[in-house]
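# Architecture and fold: a report
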Amino acid sequence: MSIVVTGAGGHLGRLVVENLLARGVPAGRIVAGTRNVDALSALAERGVDVRRLDFDDPASLATAFAGVEKALIVSGTDFGRRVEQHVGAARAARDAGASLVVYTSAPYADTTDMLLAEEHRGTEAGIRALGVPFTFLRNGWYFENYTDQLPVYLQVGAVVGCAGEGRVSGAARSEYAEAAAAVLTGEGHEGAVYELGGDTSFTLPELAEQIAKHTGQPIVYRDVTQPELEAVLTGAGLPGPVARVLADADRAIGAGRLQIDTGDLSRLIGHPTVNLADAVAAAGAPAVP
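Residues numbered from 1 in each chain as written. Predicted model: local features only at pLDDT ≥ 70, side-chain atom pairs only at ≥ 80, totals over all residues. Heavy atoms only, no water.

Okay, the overall build of the chain next. Secondary structure assignment for the chain yields 13 helices and 11 strands. The C-alpha atoms of the chain give 19 Å as radius of gyration, which agrees with the globular expectation for 289 residues (19 Å, within 12%). A total of about 12200 Å² of accessible surface is found on the chain, and carbon and sulfur atoms cover 53% of it. (Helix = DSSP H or I, 4+ residues; strand = E, 2+ residues; numbered from the N terminus. Rg over C-alpha atoms; globule rule 2.2 N^0.38 Å. Areas by Shrake-Rupley, 256 points an atom, 1.4 Å probe, with all protein chains shown as cover.)

What follows is about the packing of aromatic side chains. On inspection of all chains with the given rule, the structure shows five aromatic pairs. Aromatic side chains Phe134 and Phe136 sit 4.4 Å apart centroid to centroid with 25° between the ring planes, which places their arrangement in the stacked category. Taken together, a centroid distance of 5.1 Å and an interplanar angle of 45° make the contact between Tyr142 and Tyr176 tilted. Linking Tyr142 in the loop between strand 6 (134-139) and helix 6 (144-147) with Tyr176 in helix 8 (residues 173-185), this pair joins segments that are 34 residues apart in sequence. Taking relative accessible area as the criterion, Tyr142 reaches 17% and is therefore assigned buried. With relative accessibility at 1%, the residue Tyr176 sits in the buried group. These aromatic residues form a ring-pair network of at least three members: Tyr103, Phe134 and Phe136. (Phe/Tyr/Trp six-rings, centres within 6.5 Å; stacked < 30°, edge-to-face > 60°. Buried < 20%, exposed > 50% of the residue type's maximum accessible area, 1.4 Å probe, protein only.)

In this fold, Val4 is placed in strand 1 (residues 2-5). Counting along the chain gives 73 residues from Val4 to Thr77, while the straight-line C-alpha distance between them is 19 Å. Setting aside residues up to four positions removed in sequence, Val4 forms contacts with Val31, Leu53, Ala64, Phe65, Val68, Lys70, Ala71 and Leu72. (Contact = heavy atoms within 4.5 Å.)

A separate point is the nonpolar core. Core analysis: the largest hydrophobic core is formed by 35 residues, its most contacted members being Val16, Val17, Leu20, Ala32, Val48, Leu72 and Leu196. At the level of elements, strand 1, helix 1 (11-22), strand 2 (30-34), strand 5 (100-105), helix 8, strand 9 (193-196) and helix 12 (264-269) are the ones that each hand at least two residues to this core. In terms of residue count, helix 8 provides more of this core than any other element does, seven residues in total. If we ignore the near neighbours within four places in the chain, the residues touching Val16 are Val5, Leu72, Ala177, Ala180, Ala181 and Leu184. Counting 25 residues, the second-largest nonpolar core is a separate cluster that includes Leu154, Ala212, Ile253 and Leu258. (Core = buried A, V, L, I, M, F, W, Y, C linked by side-chain atoms within 4.5 Å.)

Turning our attention to the pattern of salt bridges. All told, the structure shown has 20 salt bridges when counted by the stated rule. Here Arg138 and Glu195 are joined by a salt bridge, their closest N and O atoms 2.7 Å apart. Of this pair, Arg138 sits in strand 6 while Glu195 sits in strand 9, placing them 57 residues apart in sequence. Of the two residues examined, Arg138 and Glu195, each falls in the buried class. (Salt bridge = Lys/Arg side-chain N within 4 Å of Asp/Glu carboxyl O.)

The next point concerns the sheet that holds strand 3 (residues 49-52). As summarised here, the arrangement of the seven strands in space is 3-2-1-4-5-6-9, forming an open sheet in which the pairing is parallel. Strands at the two margins of the open sheet, each flanked by one partner only, are strand 3 and strand 9. Adjacent strand axes in the sheet meet at a mean angle of 20°, parallel and antiparallel pairs treated alike. Strand direction decides the pairing type here: strand 5 and strand 6, joined by five bridges, are parallel. Bridge pairing in strand 6 links Val101 to Phe134. Strands strand 4 (68-73) and strand 5 of the sheet are contacted by helix 4 (residues 82-95), whose axis makes an angle of about 170° with strand 4. Contacts from helix 5 (residues 118-130) reach strand 5, strand 6 and strand 9 within the one sheet, and its direction differs from that of strand 5 by about 170°. (Pairing = 2+ DSSP bridges. Axes fitted to C-alpha atoms, helices over the stretch in contact; angles between N-to-C directions.)

With that out of the way, let us pick up helix 9 (residues 204-215). When the terminal C-alpha atoms of helix 9 are compared, their 16 Å separation across 12 residues agrees well with the 16 Å that a helix rising 1.5 Å per residue should span. Phi turns positive, to about 75°, at Gly216, one or two residues after helix 9. (Expected span 1.5 Å × (residues − 1).)

Note on placement: Ala64 falls in helix 3 (residues 58-64). By relative accessible area, Ala64 is classed as buried at 0%. Once the C-alpha coordinates of Ala64 and Ala172 are considered, the two residues, 108 residues apart in sequence, prove to be 28 Å apart.

Locating Ser2 in the fold gives a position in strand 1. Excluding anything up to four places from it in sequence, Ser2 contacts Arg29, Val31, Ala66, Gly67, Val68, Glu69 and Lys70.

Moving on, we get to unusual backbone geometry. Positioned with a positive phi, Tyr108 is a non-glycine residue whose angle comes to about 50°. With respect to the element layout, Tyr108 can be found in the loop between strand 5 and helix 5. The exposure class of Tyr108 is partly exposed, given its relative accessible area of 25%.

In structure tokens:
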């Protein structure tokens, strides 16, 4: 019996596979599902069972989930089609005999007004309706959502947003992956809904302050309206619908929707989460020449 991880070619899925290996799960019991198997040749060389898995190809789902014991469905990026895709994958896992389906969702998916959560809410409802034992990992914001943008912040001299003084309970992507691996290798998680976020929260002005402190460059937070942020994002080349969702996420931050005080993440991984200052430093922001 195997543990199947979908989206194993992506950042989070790959980290989950690495965490499973680090926890002593035999490589041959791990199925790394991906659309492009060639991209995971290094994992295959280490003995991981790499299989083609495409949410839009039912035959690939049947093959990928064959022999499954537990499955992690990492949410995809095909906005507008994700409920059908995710529930279809969960159905395939159930039909293959999975004893647990774990899904990476969004904070407070069943009650939040954040646009980004709509498809997660639909997916959760669809998985519940399947009757398969499930665990929902409602992942909060990744530090990488911001630290990956460090070159842009340094170029413009500002973090631009519409979140005001709203707080974000951020954590490292690796910590969310660690939590997923803990659930997949542990017991007693059936029916659990975990609200995952960092132990400490921060505001976007505090983010700008930490970047300035680390780089020695004058970085400020520039608060704009939600329509103005949408315009900034589309001007940077993002499609309009994506810009709308991201600007709405900033609005949600301002409304407190991404402050998570449950402590679920640190309990699952067994240690405190990384703080903002260390996350910025670990990102290797260039110092002033």
